[in-house]
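Secondary and tertiary structure notes
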Amino acid sequence: MRAHEAGALHGQAGDRGPAWLRHPEDVNALVPSLWAENVAKSDGVVTVAGVGVDELAREFGTPLYVLDEADFRHRARSFREAFAGADVYYAGKAFLSVAAARWIAEEGLNLDVCTGGELAVALRAEFPPERIGLHGNNKSVAELRRALEVGVGRIIVDSFEEIGRLGALAGELGVRAPVMVRVTAGVEAHTHEYISTSHEDQKFGFSIAGGDAMEAVRRILADEGLNFLGLHSHIGSQIFVTDGFEVAARRVLRLHAQIASELGVVAPELDLGGGFGIAYTTQDDPSSPETLARGMRGIVEGECAALGVDVPRLSIEPGRAIAGPSTFTLYEIGTTKRVALDGGGARHYVAVDGGMSDNIRPALYSADYSCTLASRESTAEPVLSRVVGKHCESGDIVVKDEYLPADVAPGDLLAVPGTGAYCRSLANNYNHVPRPAVVAVRDGEARLLLRRETEDDLLALDLG
Ligand code: LLP
């Protein structure tokens, strides 16, 4: 980690970027592990499923989220196949549109939604409600009611108040609500604090250690309107090491066994959440769904054998690992600048036509990304560059450190891979910038999934 009194972004002479960043042998080449399966370069132009980004930019404008549909579907299918015998819930918070929900349904996955809005998209896509799980630490009565009315397959409860509300609603509607209990296993996941969810001091779940989880199960079992399905644990996101999952699974299964022995109820299901990391840059080394499945099955089966309980039906909730790598963001470069560093040297700033409104992850989680010149080959020297957006903040960074050809210039297109998860879904209108379109490309055909917002869309909310 480079340290500077003005912060980690502030460079000094001789700045070579972070230790993991390699000087590229060929600055025009794509690093395949960072791109969707059907992305390639042809004469310097990035193509996806046979369509060039120059054509996409002309037709749909920039910034543009470009999604490789076959890649998205393939990743979804790979999880379903690797976890055969378990249920895979795609975490729609990563990216959700009507088309994406349909792909998930067609590929045989279930769907995790966590608000009424996400549920509405799923219902618009005619996603089978019994294959939907509803999350959320503060679901409104209206959200719970809608979920029960349409018959979602599971509601993951997260507070004592919610258990009371759900019991009352189930009575009122004359249904039995299928519930899971979100528990906190007390695990410190090795990820950014804001996306870590299983240590004790955060808002999600009932604490196992503190006894609240057991009490939640007791209250559910005492209410005839509630059908207890099992425990749910999600330790956090963008996680690579399995030790966190392992410790969490052990603690959750111990509680599962305790419920069986003390309350006489063998819960049929167990959900271990999502959070599987993806490669944003060459420093990340994700596991395949097969490796994850083998590891998780091994842990669960071993622990159940040791505890003398039957193995419950397992479910998982990957979001990022399905949507993330499927998409890149296409930008047009507008300005470039060489900025002098303390003590000599300079940094190459490249400004694009989007920024923290279409990808807030660098600003929010210090997330790293990579990028490539997408519209032509260059013979210029690679120079360490920083890609920034067009917003009125110096923290409006898209790619903190990347080698780009020294001659990148206004009008060039730039592509940033790995933006399929938590970019469009976290997009915002800061500085009244309309949100970009999402286009899906498959077999040489591009289809608009979400159209670009317009200034009229923004002004439509302003009542003057
Ligand atoms: N299940 C639950 C209960 C979750 O809360 C989440 C993510 C997932 C599954 C899916 O996690 P994934 O497999 O996508 O990592 N905005 C942050 C990530 C927030 C994740 C919230 N919950 C980011 O951009 O990194």
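Everything numeric in this text was worked out from a predicted model, so none of it was measured.

Taken together, 19 residues lie near the ligand, and Ser237, Glu317, Arg361, Tyr365 and Tyr422 sit nearest. Taking Ser237, its side chain carries an N or O atom lying 2.6 Å from an oxygen atom of the ligand. For the ligand, an oxygen atom lies 2.6 Å from a polar atom in the side chain of Tyr422. Broken down by class, the residue content of the shell around the ligand amounts to 6 nonpolar, 7 polar and 6 charged. Residue contributions to the shell around the ligand reach at least three from each of two domains, namely domain 1 (7-68 + 325-460) and domain 2 (135-318).

The topology assignment puts Asn28 in the segment before strand 1 (39-42). In terms of polar contacts, Asn28 uses its side chain to reach the backbone carbonyl oxygen of Ser378, at 2.8 Å. The contact partners of Asn28, leaving out residues within four places of it in the chain, are Lys41, Thr372, Arg376, Glu377 and Ser378.

A word on the environment of Gln238. In this structure, Gln238 sits in the loop between strand 11 (226-232) and helix 8 (243-263). By relative accessible area, Gln238 is classed as buried at 12%. Every residue in contact with Gln238, bar those within four places of it in the chain, is listed here: His190, Thr191, Ile195, Gly275, Gly277, Ile278, Tyr280, Asp284 and Arg320. A distance of 3.0 Å separates a polar side-chain atom of Gln238 from the backbone oxygen of Ile278.

With that settled, the discussion passes to empty space enclosed by the protein. What the rule picks out here adds up to 2 cavities of 30 Å³ or more. Empty space within the largest cavity amounts to approximately 50 Å³. Taken together, Ile239, Phe240, Phe245, Phe276, Gly277, Pro286, Ser287 and Leu292 make up the full set of residues lining the largest cavity. For the lining of the largest cavity, the residue count by class is 6 nonpolar, 2 polar and no charged. A volume near 40 Å³ is recorded for the second largest cavity.

As assigned here, the chain comprises domain 1 (7-68 + 325-460) and domain 2 (135-318). The C-alpha centroid of domain 2 is placed 36 Å from the C-alpha centroid of domain 1. Taken together, both faces of the contact between domain 1 and domain 2 bury some 1,200 Å²; the carbon and sulfur share is 63%. Area buried by domain 1 at its contact with domain 2 is led by Trp20, Leu34 and Tyr365, which between them contribute 40% of it. Counting across the domain 1 and domain 2 interface gives 3 residue pairs in polar contact (both at pLDDT 80 or more). For the side of domain 1 that touches domain 2, a count of residues per class yields 7 nonpolar, 3 polar and 3 charged.

The next thing to look at is unusual backbone geometry. Going from Thr62 to Pro63, the amide bond is cis rather than trans, its omega being -10°. Within the secondary structure layout, Pro63 lies in the loop between helix 1 (53-60) and strand 4 (64-68). In the Ramachandran plot, Ser366 falls in the positive-phi region, its phi being about 55° despite a non-glycine side chain. Within the secondary structure layout, Ser366 lies in the loop between helix 11 (361-365) and strand 16 (372-373). Residue classification places Ser366 among the partly exposed positions, given a relative accessible area of 46%.

Criteria and thresholds
- Residues numbered from 1 in each chain as written.
- Predicted model: local features only at pLDDT ≥ 70, side-chain atom pairs only at ≥ 80, totals over all residues.
- Heavy atoms only, no water.
- Near = heavy atom within 4 Å.
- Polar contact = N/O pair within 3.5 Å; in protein donor to acceptor, adjacent residues only side chain to side chain.
- Nonpolar A, V, L, I, M, F, W, Y, C, P; charged D, E, K, R; others polar.
- Domains from an automatic or database assignment.
- Helix = DSSP H or I, 4+ residues; strand = E, 2+ residues; numbered from the N terminus.
- Contact = heavy atoms within 4.5 Å.
- Buried < 20%, exposed > 50% of the residue type's maximum accessible area, 1.4 Å probe, protein only.
- 1 Å grid on protein atoms, 1.4 Å probe; cavity = no way out; pocket = protein on both sides within 12 Å on 5 of 7 lines; lining within 4 Å.
- Points joined across faces, edges and corners; volume = space filled by probe spheres on them.
- Buried area = accessible area lost by both parts, 1.4 Å probe.

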